[in-house]
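The residues making up each chain are set out below.
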Amino acid sequence: MQELQERILLKGDELFRKYGIRSITMDDIAKQLGVSKKTLYQYYPEKETLVVEVTRMNIDQHVKEMDNCTGAMAKNAVEELLAVVASMAQMLQCYNPIMFYDLQKYHPKGWDLFRKYRNDNMLQKIKENMFRGIQEGLYRSDIDIEVLSRMRLEQVDMCFNFEIFPPTQFQFHKVASHVTEHFLY
């Protein structure tokens with residue numbers, strides 16, 4: 001039974017990434033898995049529950065990825081920051097940008113989970129990187145970590161703003177790379 005629940009979760013994630021959340025129905029997921037909708041609802045009583053669990057799974061995966069790029073894994077703070085950006089760009093290549101829009105607009109519980117992760121975990125990682133960079137003499141010692149870490153987080157969010165950087169005109173990894181380079185300078 002646990003195996004089927006995981007298969008549902010993975011299939012939901014795959015379809016949401018490819019087509020966005022709103023356009024995928026529980027019927028679509030059931031058909032793709034070759035199970036009845038009733039079976040699907042035994043594990044996930046509503047689409048929102050599945051969306052929250054997919055979001056949680058993606059956050060857990062992101063935490064592991066970031067842990068592989070930070071701390072002792074990187075030679076210094078600059079290498080750490082560049083590794084995080086490269087990892088994030090690689091991970092996001094398999095996401096349809098509409099997925100984040102759908103999450104924000106139609107799935108408040110999933111969006112709240114993502115925002116909490118962003119405001120707690122990501123912000124803390126940025127602060128740790130800045131502190132490390134100052135300690136290593138790579139970042140200016142007079143920077144205000146609290147202000148600049150929040151500004152950096154907003155810069156990352158800005159890369160996802162499709163009104164500023166429409167995906168038809170800009171590739172996320174290039175935008176993120178330029179924004180990071182600017183931040184480092």
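Residues numbered from 1 in each chain as written. Predicted model: local features only at pLDDT ≥ 70, side-chain atom pairs only at ≥ 80, totals over all residues. Heavy atoms only, no water.

1. A short note on the environment of Leu40
Stage number 1. Mapped onto the fold, Leu40 is located in helix 3 (residues 37-43).
Stage number 2. Considered as a pair, Leu40 and Ala176 are 136 residues apart in the sequence and their alpha carbons are 38 Å apart.
Stage number 3. Discounting chain neighbours no more than four positions away, the residues touching Leu40 are Ile8, Met26, Ile29, Ala30 and Leu33. (Helix = DSSP H or I, 4+ residues; strand = E, 2+ residues; numbered from the N terminus. Contact = heavy atoms within 4.5 Å.)

2. So, the packing of helix 5 (residues 77-92) against helix 9 (residues 172-184)
Stage number 1. Following both chains from N to C, one finds helix 5 and helix 9 inclined at 165 degrees, their axes separated by 9 Å at the closest point. Viewed along their axes, helix 5 and helix 9 adopt a mutual orientation that is roughly antiparallel. The handedness of the crossing between helix 5 and helix 9 comes out as right-handed. Every residue of helix 9 that contacts helix 5 at Val78, Leu81, Leu82, Val85, Met88, Ala89 and Leu92 is listed here: Phe172, His173, Ala176, Ser177, Thr180, Phe183 and Leu184.
Stage number 2. For the contact of helix 5 with helix 9, a count of residues per class yields 11 nonpolar, three polar and no charged. (Axes fitted to C-alpha atoms, helices over the stretch in contact; angles between N-to-C directions. Parallel < 35°, antiparallel > 145°, perpendicular 65-115°, else oblique. Left-handed = near helix turned anticlockwise from the far one by under 90°. Nonpolar A, V, L, I, M, F, W, Y, C, P; charged D, E, K, R; others polar.)

3. Focus: the nonpolar core
Within soluble globular proteins, side chains that are nonpolar generally end up buried alongside one another.
Stage number 1. In this structure, Ile8, Phe16, Ile29, Leu40, Tyr44, Leu50 and Phe172 are the most contacted members of the largest nonpolar core, which totals 51 residues.
Stage number 2. The element best represented in this core is helix 5, accounting for eight residues. (Core = buried A, V, L, I, M, F, W, Y, C linked by side-chain atoms within 4.5 Å. Buried < 20%, exposed > 50% of the residue type's maximum accessible area, 1.4 Å probe, protein only.)

4. A closer look at helix 7 (residues 108-135)
Stage number 1. Between its first and last C-alpha atoms helix 7 spans 39 Å; for 28 residues at 1.5 Å apiece the expected length is 40 Å, and the two agree.
Stage number 2. Roughly 30 degrees is the biggest bend found in helix 7, and it falls at Arg118.
Stage number 3. In the segment just after helix 7, Gly137 is the residue with positive phi, at about 75 degrees. (Expected span 1.5 Å × (residues − 1). Bend = angle between axes of the 7 residues up to and from the residue.)

5. Details of the environment of Ala72
Stage number 1. Considering the arrangement of structural elements, one finds Ala72 in the loop between helix 4 (47-69) and helix 5.
Stage number 2. Of the residues examined, Ala72 reaches a relative accessible area of 81% and is grouped as exposed.
Stage number 3. Spatially, the C-alpha atom of Ala72 lies 35 Å from that of Ile98, the residues being 26 residues apart in sequence.

6. Looking at the packing of aromatic side chains
Stage number 1. Going through the model one piece at a time under the given rule, you end up with three aromatic pairs.
Stage number 2. Geometrically, the ring pair formed by Trp111 and Phe114 is tilted, given 5.3 Å between the ring centres and 35 degrees between the ring planes. Of the two residues, Trp111 and Phe114 both sit in helix 7, three residues apart, roughly one turn of that helix. When sorted by exposure, Trp111 lands in the same class as Phe114, which is buried.
Stage number 3. Taking the centre distance of 5.2 Å and the plane angle of 85 degrees together, the rings of Phe165 and Phe170 count as edge-to-face.
Stage number 4. Three or more aromatic residues joined by ring pairs make a cluster, and in this case those are Phe100, Trp111 and Phe114.
Stage number 5. Positioned above the aromatic ring of Phe183, the side-chain terminus of Arg152 is 5.2 Å from the ring centre. (Phe/Tyr/Trp six-rings, centres within 6.5 Å; stacked < 30°, edge-to-face > 60°. Lys NZ or Arg CZ within 6 Å of the ring centre and 35° of its normal.)

7. Brief notes about helix 2 (residues 26-33)
Stage number 1. All buried positions along helix 2 are accounted for by Met26, Ile29, Ala30 and Leu33. End-on view of helix 2: buried residues confined to an arc of 100 degrees, all on one side of the axis.
Stage number 2. Taken together, the buried residues of helix 2 touch helix 1 (2-19), helix 3 and helix 4.
Stage number 3. Following helix 2 by one or two positions, Gly34 adopts a phi angle in the positive range, close to 75 degrees. (Arc of directions from axis to C-beta.)

8. Let's talk about the side chain of Lys47
Stage number 1. Inspection of the secondary structure puts Lys47 in helix 4.
Stage number 2. Sequence-distant contacts of Lys47, defined by excluding residues within four places in its chain, comprise Phe16, Ile21, Arg22, Ile24, Met26 and His107.

9. Observations regarding the state of the cysteines
Stage number 1. Throughout the structure, instances matching the rule amount to zero disulfides.
Stage number 2. In this structure Cys159 is not part of a disulfide, and its nearest cysteine sulfur, from Cys69, lies 16 Å away.
Stage number 3. Overall, the relative accessible area of 6% leaves Cys159 in the buried class. (Disulfide = S-S within 2.5 Å.)

These figures capture arrangement, not role.
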